[in-house]
Structure formats: structure tokens, C-alpha cells
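A look at the structure
Next come the chains, spelled out residue by residue.
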Amino acid sequence: MAEKPQPIVVQYCQVCGLPAEYCEFGSEFDKCKPWLIQNAPDLYPDLLQAANAKEADKVADQLQSTGISSAAAGGSSEPKQEEVKRLPGGKIKKKEKQEVVIEKVVRNKRKCITTVKGLDLFGVKLSDASKKLGKKFATGASVVKGPTDKEQIDVQGDISYDIVEFITDTWPDVPETAIFFIEDGKKVPAA
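Keep in mind that this is a model prediction, so the values were computed, not measured.

Here we come to the layout of surface pockets. The computed volume of the largest pocket comes to approximately 390 Å³. Considering the residues around the largest pocket, the lining is formed by 16 residues, among which Glu96, Lys117, Gly118, Leu121 and Lys150 are closest to the centre. Forming the walls of the second largest pocket are Lys33, Pro34, Ile37, Leu47, Ala50, Ala51, Lys54 and Glu55. Where the lining of the second largest pocket is concerned, the elements lending two or more residues are helix 1 (29–39) and helix 2 (45–64). No other element matches helix 2, which puts five residues into the lining of the second largest pocket. Per-class residue counts for the lining of the second largest pocket are five nonpolar, no polar and three charged.

Next up, the structure:
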């Protein structure tokens, strides 16, 4: 009788999320190298030899330089790395800008809808904000998902004339410099 084939255990890179064999084809191969040398040295023997050569060069340089100059150079040579969220496959998730965008959409010739996007980035509950906007301007207001699957507030009517003052008074965490209007397809600051 033939034996059942056993499943293959695939080792995934902790840096880029790809299988270790495919790290060299990813966009972050330079960042993956230390992890590969430590966890998968048999896959990339050239990396191991290059790392050993670099370590030997560093030791030789440290022996030749004086203790004071190497300590001063070592402390300032480390760059600060930004915290960027990496998704599998090497894609980068960008952090959203904290801004409130107000847009007026005209429908059926005379009817207007004012859309408020981005209030949730300042810690404002959108359901509470829609209730306050509806009461203040005596109109219907609701929380809906926009075309980019992000929640936004739709307010019936053209309230763009008073909304900036109302937002800054009601929620002091939202600065007036972070509020923008979309007019004729261009983003215009409210202040």
C-alpha cells in the first residue's frame, strides 16, 4: 500500500508576510534579510556569507578606530524608523489625514445634500453628530456609507454657510484649519 503524502510546512517571513522562498521577489527584501539569516539560513546561503563578511569588517573597523569616536558615531548613526503598517504582500497602509471634508451635492435641480466626512477621525461619534446637526438645522441627517465604504453624515439641505462654526463650537477637538470644502472638484480650506 502507498503511504499518504504528508503536508508541507511553509515558513512565512515575519517582515513581509510572504513565504521565505519568495522574499527576494518582494518589495522589502532588504528589511527581510536579517530575519532570513536568523530563521532560514539554508534558503539563502549567500546572505549568511555576506553577513559574516560584514561582521568581520565591522570588528576590524572597531579595532582600528578609537573608543571615543566609535561611541559618538554609533549613537548618532541609528535612524528613526517611521511606524508604517505593512499588509501581506508588502503593501503599505497609509495613515489617514485628520481632516473634515464638507461637500454640497445637488440632486433633482433644487434639492441639496451636504455631506460631512472625517468627523470620526477626531473621536466624534457619527450617530450623535448627525442628531445634533439635524436638531440645529431642523433637517434630516443620517449616517451612511460613502463610495469608499467609510461612514459619513448626509444632511438634507444646503447648510454649508453655518456648519463650520457649529462644528468648531460643538466639538473643540476639531480645529478650523482641519475643515475643508469641496468646490468645483477642488479642496478649499474653510478658514
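So, on to the nonpolar core. Val100, Leu119 and Ile167 are the most contacted members of the largest nonpolar core, which totals 22 residues. Looking at this core, the elements with two or more residues in it are strand 3 (100–107), helix 4 (126–137), strand 6 (151–156), helix 5 (163–170) and strand 7 (179–183). Other than its neighbours up to four places away in sequence, isoleucine 167 contacts Val100, Ile102, Val116, Leu119, Val174 and Ile179.

Another aspect to go through is the pairing of strand 3. Where strand 3 and strand 7 come together, four bridges link them in parallel fashion. In the strand pairing of strand 7, isoleucine 102 is matched with phenylalanine 181. Bridge count between strand 3 and strand 4 (residues 111–117): seven bridges; the pairing is antiparallel. By the bridge assignment for strand 4, valine 101 is matched with lysine 117. Between strand 3 and strand 4, which follow one another and run antiparallel, lie three residues, and asparagine 108 among them has a positive phi close to 50°.

Attention shifts here to the side chain of aspartate 154. Looking at the element boundaries, aspartate 154 is found in strand 6. No salt bridge is formed by the buried aspartate 154; its nearest oppositely charged neighbour, lysine 117, is found at 8.0 Å. Side-chain polar atoms of aspartate 154 contact the side chain of threonine 115, separated by 3.3 Å. The contacts of aspartate 154, once residues within four sequence positions are left out, are Ile113, Thr114, Thr115, Gly140, Ala141, Ser142 and Val144.

Side chains of Ile8, Val10 and Tyr12 sit close together on the surface and give an oily, nonpolar patch of about 340 Å² of accessible area. The exposure class of valine 10 is partly exposed, given its relative accessible area of 38%.

Right, let's get into the sheet that holds strand 6. Each strand in a sheet pairs with its neighbour through backbone hydrogen bonds, running either in the same direction (parallel) or in the opposite one (antiparallel). Taken in spatial order, the six strands line up as 5-6-4-3-7-8 in an open sheet, and their pairing is mixed. Lying at the two open borders of the sheet, with one neighbouring strand each, are strand 5 (141–145) and strand 8 (186–189). With strand direction ignored, the average angle separating the axes of adjacent strands in the sheet is 30°. Where strand 7 lies against strand 8, four bridges are found, and the strand directions are antiparallel. Looking at strand 8, one finds that phenylalanine 181 is bridged to valine 188. Contacting strand 5 and strand 6, helix 4 runs over the sheet at an angle of about 10° to strand 6.

Parameters at a glance
Residues numbered from 1 in each chain as written. Predicted model: local features only at pLDDT ≥ 70, side-chain atom pairs only at ≥ 80, totals over all residues. Heavy atoms only, no water. 1 Å grid on protein atoms, 1.4 Å probe; cavity = no way out; pocket = protein on both sides within 12 Å on 5 of 7 lines; lining within 4 Å. Points joined across faces, edges and corners; volume = space filled by probe spheres on them. Helix = DSSP H or I, 4+ residues; strand = E, 2+ residues; numbered from the N terminus. Nonpolar A, V, L, I, M, F, W, Y, C, P; charged D, E, K, R; others polar. Core = buried A, V, L, I, M, F, W, Y, C linked by side-chain atoms within 4.5 Å. Buried < 20%, exposed > 50% of the residue type's maximum accessible area, 1.4 Å probe, protein only. Contact = heavy atoms within 4.5 Å. Pairing = 2+ DSSP bridges. Lys, Arg positive; Asp, Glu negative; His and termini not counted. Salt bridge = Lys/Arg side-chain N within 4 Å of Asp/Glu carboxyl O. Polar contact = N/O pair within 3.5 Å; in protein donor to acceptor, adjacent residues only side chain to side chain. Patch = residues over 30% accessible without salt bridge, like charges linked within 9 Å, V, L, I, M, F, W, Y side chains within 5 Å. Areas by Shrake-Rupley, 256 points an atom, 1.4 Å probe, with all protein chains shown as cover. Axes fitted to C-alpha atoms, helices over the stretch in contact; angles between N-to-C directions.

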